[in-house]
Amino acid sequence: SWFISCEIVNLIVVLLLCGFGVAIQLEFFLDNGFDVYFTLFFLTATAFTLLAFFFSTLLSTADAARSFGILWYIMTFIAMPLLVFFFFYSGKEKDRPIIEGVALVATAPYYKGITDMITSSSGGGADGMLWDRPGKTNAGKSDIDTVFTSWQGQSGWYAMSDVYLSLCWGCLLYIGATWYFDHVVPNSFGLAHSPFFFLDPKYWGLAKRAARDATDSALLVDASTMEEEDGDCVKEAQEVRTGNFNGRDSKDIAVVIKGLQKTFVSRVYA
């Protein structure tokens, strides 16, 4: 599927990024643990992929998708650093609902995780962030549960482990939203399900028998209504009704239409 293909590409790109960072001796990749930044990059790439799938259900043309992608990039590039700076590091309990809401947009937890790892690996006394490290301090020896002091000097609560959790919740949200809107947004043929399609037992295959019974009853047409019909049409109708196609295997027949009726009504035009 497209998702599996994208995930393979994401994995290759993330590994190349990590390898390139180590090759050119960047502190970020040398001091922080490989599992820490690999998990962040891969979860973020997965979340961005699923977010793109979600947007594709809402946008019908490539030009619209391209324009929206540029607008989304500009908005998040400007807004997310400010939101992370003022809320994710505020340390205020009243900001928790805002943080939990904004964190469902994958750009926010990604930027927060990157900032924390840069803080952990920058400066002479910092030696990076590991997945788990006993005796950790605020910046010198940190792991994914370390909470960094806010810009106001207050103790926050959003650590790297919360970044991973937000990205996972975001992925589940994007999957659900993509599945739902893919059904209710009209496709290129103008077809769409009801907004409450998931409440219909027939969608989940729980009413197949009832649907078959309704189809069978629709086939029971009074023979007297076919007296004026062409002989070939009557013969084919009988074959479809009985399921006996004159010795032919039903699998060899490309299309079988059952229960098709047309009602003609008169209409007076003024």
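Residues numbered from 1 in each chain as written. Predicted model: local features only at pLDDT ≥ 70, side-chain atom pairs only at ≥ 80, totals over all residues. Heavy atoms only, no water.

A. The arrangement of a nonpolar patch on the surface in detail. Together, Ile-70, Tyr-73, Ile-74, Phe-77, Ile-78, Leu-82, Phe-85 and Phe-86 give the surface a local cluster of nonpolar side chains, amounting to about 850 Å² of exposed area. Looking at the element boundaries, Ile-70 is found in helix 4 (residues 62-88). (Patch = residues over 30% accessible without salt bridge, like charges linked within 9 Å, V, L, I, M, F, W, Y side chains within 5 Å. Areas by Shrake-Rupley, 256 points an atom, 1.4 Å probe, with all protein chains shown as cover. Salt bridge = Lys/Arg side-chain N within 4 Å of Asp/Glu carboxyl O. Helix = DSSP H or I, 4+ residues; strand = E, 2+ residues; numbered from the N terminus.)

B. Just unusual backbone geometry, in detail. Phi is positive for Gln-25, close to 65°, though the residue is something other than glycine. Following the sequence through the fold, Gln-25 ends up in the loop between helix 1 (2-23) and helix 2 (27-31). You can call Gln-25 exposed: its relative accessible area is 53%. (Buried < 20%, exposed > 50% of the residue type's maximum accessible area, 1.4 Å probe, protein only.)

C. Quick look at the packing of aromatic side chains. As enumerated under the stated definition, the model contains 26 aromatic pairs in all. On the basis of an interplanar angle of 35° and a centroid distance of 6.1 Å, the ring pair of Trp-179 and Trp-204 is categorised as tilted. One end of the pair, Trp-179, is in helix 7 (residues 160-184); the other, Trp-204, is in the loop between helix 7 and helix 8 (208-219), and 25 residues separate them in sequence. In this structure Trp-204 comes out as partly exposed when scored by relative accessible area, which is 49%. Through pairs of rings, three or more aromatic residues link up here, namely Phe-54, Phe-55, Phe-68, Trp-72, Trp-179, Tyr-180, Phe-181, Phe-197, Phe-198 and Trp-204. The cationic tip of Arg-96 hangs over the ring face of Trp-157; the distance from NZ or CZ to the ring centre is 3.9 Å. (Phe/Tyr/Trp six-rings, centres within 6.5 Å; stacked < 30°, edge-to-face > 60°. Lys NZ or Arg CZ within 6 Å of the ring centre and 35° of its normal.)

D. Representation of the nonpolar core in the model. Phe-41, Phe-88, Met-117 and Met-160 are the most contacted members of the largest nonpolar core, which has 37 residues in total. Elements represented by at least two residues in this core include exactly helix 1, helix 2, helix 3 (34-58), helix 4, helix 5 (96-102), helix 6 (107-121) and helix 7. Among the elements that take part in this core, helix 3 stands out by supplying eleven residues, more than any other. When neighbours within four sequence positions are excluded, Met-117 is seen to be in contact with Phe-28, Asn-32, Val-36, Tyr-37, Leu-40, Met-129 and Met-160. (Core = buried A, V, L, I, M, F, W, Y, C linked by side-chain atoms within 4.5 Å. Contact = heavy atoms within 4.5 Å.)

E. A look at the packing of helix 3 against helix 7. Where helix 3 meets helix 7, the axes come as close as 9 Å, and the angle between the chain directions of the two elements is 20°. Classified by the interaxial angle, the pair formed by helix 3 and helix 7 is roughly parallel. Of the two possible hands of crossing, helix 3 and helix 7 adopt the one that is left-handed. For the contact of helix 3 with helix 7, the residue count by class is 19 nonpolar, five polar and two charged. (Axes fitted to C-alpha atoms, helices over the stretch in contact; angles between N-to-C directions. Parallel < 35°, antiparallel > 145°, perpendicular 65-115°, else oblique. Left-handed = near helix turned anticlockwise from the far one by under 90°. Nonpolar A, V, L, I, M, F, W, Y, C, P; charged D, E, K, R; others polar.)

F. Spotlight on the side chain of Glu-7. Mapping Glu-7 onto the fold places it in helix 1. Here Glu-7 is buried and forms no salt bridge, its nearest opposite-charge partner Arg-66 lying at an N-O distance of 22 Å. There is a polar contact of 2.9 Å between the side chain of Glu-7 and the side chain of Thr-46. Setting aside anything within four residues of it in sequence, one finds Glu-7 in contact with Phe-42, Thr-46 and Thr-49. (Lys, Arg positive; Asp, Glu negative; His and termini not counted. Polar contact = N/O pair within 3.5 Å; in protein donor to acceptor, adjacent residues only side chain to side chain.)

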